[in-house]
Amino acid sequence: MPRVTLEQLSSQEVVDSTRQLNYGTWRYQKNWSPLHIVDAKGCHFIDGSGKRYLDFSSQLMCVNLGHKNPTVIEAIVEQARTLPYIAPGYATTARAELSRLLLEVLPKGLVKFFFTTSGTEANEAAIKIARMVTGKTKIIARYRSYHGSTTASIGATGDPRRWPMEPGGKGQGTIFAPEVNCYKCPIRHQYPGCNIACADYLEHMIVNESDVAAVLVEPVVGTNGVLVPPPEYFPRLREICDRHGVLLIADEVMSGWGRTGKWFAMDNWNVQPDILVTAKGITSAYVPLGLCATTARIAEYFDDHFFAHGHTYEAHPMTLAPAVATIREMQRLNLVERASTIGQYLGDKLKALAKNHPSIGEVRGLGLFWAVDLVKNRDTKEPLNTMADKLSGKPLVVDQIAAEMMKGGVAVQAWISHLVLAPPLIIETQDIDFGVSVLDHALALADRQISA
C-alpha cells in the first residue's frame, strides 16, 4: 500500500483523523469537529475550503504580531540551522540576547529568568520558587482566574476548569480570594465608595490563614472576563504583601507584551511584582515559550540555597531566538503604543453597540484587550449562562454567537457569558469595523434571549 502523505489527505480526512485520534481540550469529545486550517497571514487565517477569517481574538489571545511575521520566521529558521538544541546547563547566544533584551522591557527590578515552554510551566516555577524562598506553603489566588492546567497551576485556577479534577486536582495549600470585578462585585460593594474592600479582604485572609507564601493574580484577568482593576488596587495590594512578607506574583501570560497598551499590564499602575510570569505573546505564539522572572532579592536567595527546579526544554534555543525577533519587531513597529491608541478605537466601537443591544451588560477593557459581558437582565446582571452550564455541556449563547460570527468570517473567543476581543496588535481600523459589524449582527441571538 502506498504511503499516504499529508498533501494527499482531503480536508475532511484531516478533520476526521484529528477528531478520532486526538483529544480536544476543555470539552466533551463526542461532538467535536475541529475546523481544518491551512494557512494564516497578518490578521487572518484560512480554512480547508479556502474561506478567510478575521482573527479577532489572536487565536488564544497570543498571536500579537499577527500571523507569519517574516522576521520572526527567519529567526526560527536561522536558529534551526545554527543550534536547534542544547541542554539547559549550557550558555547560548540566543539565551544571552533574550535575557539582556528582557531587562529593557520587563517592569524594572525583574532581573533573573527561568525559561519554560508554556505559561502553565512558568506558573509552576513561580509557585515553587515562592515556597522555597519564603519557607511558607499557601498560595492565595482569586476565583475569576486561570493559571494553567498542570497540578499546581490548575489548583490555583478559580474558574470551573478546576472542578472536574477535584479533589485529586486540588492544589495543596491554595486558597481563593474574591476577584476584582467592579461591574459585579463578589462582596457586594460599589466602587469608589468601597475603598477597595476586595484588597482589604485579601489582607484579612493573609492574617487569618498564616503560612502564606504568595498572592498570585492576573493583573488584568484574561479568559474570565478581562477584569480591569481600579487604579488603587495594585498599589494597595503591593503594600499589603510588603507589610506581611508575602510575595506578589503577576501572571501576565495573557496581559503582557503590549496587550493592554503597556509592555506589561502592571506598568499601568507602576507596581513591581516580586515574580512575573508570562508566555503567549513573547514569541507571538510561533513557538512555545514561557518565562518566570524574579527580583534580585529572590535570585540572591539561591546563591546559597539549592534551586530545585528544571526540565529538558528549559532555555531551548529554538524558543529563545524567535522571542528576540518578536520583541525587536514590536519595538520597530511601535506596537505597544499603537495598542493603546487603536485599542481606544476598538473600545469606543464596542461601547456603541451597548446602546442597541439590551443583552450587553458591560463593555470593559484596556489597550487591545476587551470583553463584552452578556446578561439576561441589565438590572440584576444575571448572566446568559453560568459556569455550571459550561461543565454540564448545556448549549451556551456565547458559543452560538461565536458560531454565527464564524459564518460571517470573524473568529472570536467565547467563555460562559462573555466574548473576549483581543485582535493582533497590527490590526487596522477597517478590520475592526468589519469585526464589530459582524458582532453587531450576531448579538441578535443574545437579544432574543432577553425578549424571551
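You'll find the structure just up there.
Parameters at a glance
- Residues numbered from 1 in each chain as written.
- Predicted model: local features only at pLDDT ≥ 70, side-chain atom pairs only at ≥ 80, totals over all residues.
- Heavy atoms only, no water.
- Axes fitted to C-alpha atoms, helices over the stretch in contact; angles between N-to-C directions.
- Helix = DSSP H or I, 4+ residues; strand = E, 2+ residues; numbered from the N terminus.
- Parallel < 35°, antiparallel > 145°, perpendicular 65-115°, else oblique.
- Left-handed = near helix turned anticlockwise from the far one by under 90°.
- Contact = heavy atoms within 4.5 Å.
- Core = buried A, V, L, I, M, F, W, Y, C linked by side-chain atoms within 4.5 Å.
- Buried < 20%, exposed > 50% of the residue type's maximum accessible area, 1.4 Å probe, protein only.
- Pairing = 2+ DSSP bridges.
- Phe/Tyr/Trp six-rings, centres within 6.5 Å; stacked < 30°, edge-to-face > 60°.
- Lys NZ or Arg CZ within 6 Å of the ring centre and 35° of its normal.

A. The arrangement of the packing of helix H11 (residues 335–353) against helix H14 (residues 429–442) in detail. Relative orientation of the contacting elements H11 and H14 amounts to 20°, with a least axis distance of 10 Å. One finds that H11 runs roughly parallel with respect to H14. As H11 runs across H14, the sense of the crossing is right-handed. Mapping the contact onto sequence places Ile342, Tyr345, Leu346, Lys349, Leu350 and Leu353 in H11 and Thr429, Ile432, Asp433, Val436, Leu439 and Asp440 in H14.

B. Quick peek at the nonpolar core. One finds Leu350, Ile401 and Leu439 to be the most contacted residues of the largest nonpolar core, which totals 66 residues. Sequence-distant contacts of Ile401, that is, excluding residues within four places in its chain, are made with Leu374, Leu419, Leu439, Ala442, Leu443, Leu445 and Ala446. Among the nonpolar cores identified, the runner-up in size contains 33 residues, and Ile140, Met205, Val220 and Ala422 belong to it.

C. Seen up close, the sheet that holds strand E9 (residues 275–278). In space, the 7 strands of this open sheet follow the order E4-E10-E9-E8-E7-E5-E6, with mixed pairing throughout. Only two strands of the sheet have a single neighbouring strand rather than two, namely strand E4 (110–116) and strand E6 (174–177). Across this sheet, the average inter-strand angle for adjacent strands is 20°, counted without regard to direction. The pairing of strand E5 (residues 138–142) with E6 spans 4 bridges and is classified as parallel. The residue bridging Arg142 from the neighbouring strand is Ala177, located in E6. Helix-sheet contacts for helix H4 (residues 93–105) involve E4 and strand E10 (290–295), and the interaxial angle to E4 is about 135°. Running at roughly 165° to E9, helix H5 (residues 119–134) makes contact with E4, E5, E6, strand E7 (212–217), strand E8 (247–251), E9 and E10 of the sheet.

D. Seen up close, the pairing of E5. When you tally the buried positions in E5, you get 4 out of 5 residues, the bulk of the element. Where E5 and E7 come together, 3 bridges link them in parallel fashion. Bridging across to E7, Lys138 finds its partner in Val212.

E. Structural detail: the environment of Arg188. With respect to the element layout, Arg188 can be found in the loop between E6 and helix H7 (197–209). Arg188 sits in the exposed class, given a relative accessible area of 79%.

F. Structural context of the packing of aromatic side chains. Applying the stated criterion to the full structure yields 11 aromatic pairs. A ring pair is formed by Phe45 and Tyr53, whose centres lie 5.3 Å apart and whose planes are at 20°; its orientation type is stacked. Note on Phe45: relative accessible area 8%, which makes it buried. The class for Tyr53 is buried, based on a relative accessible area of 4%. Cluster of aromatic residues (ring-pair linked, three or more members): Phe114, Tyr301, Phe302 and Phe307. Sitting over the face of the ring of Trp26, Arg161 holds its NZ or CZ atom 5.3 Å from the ring centroid. It is Lys381 that lies over the ring of Tyr183; its NZ or CZ is 4.6 Å from the centre.

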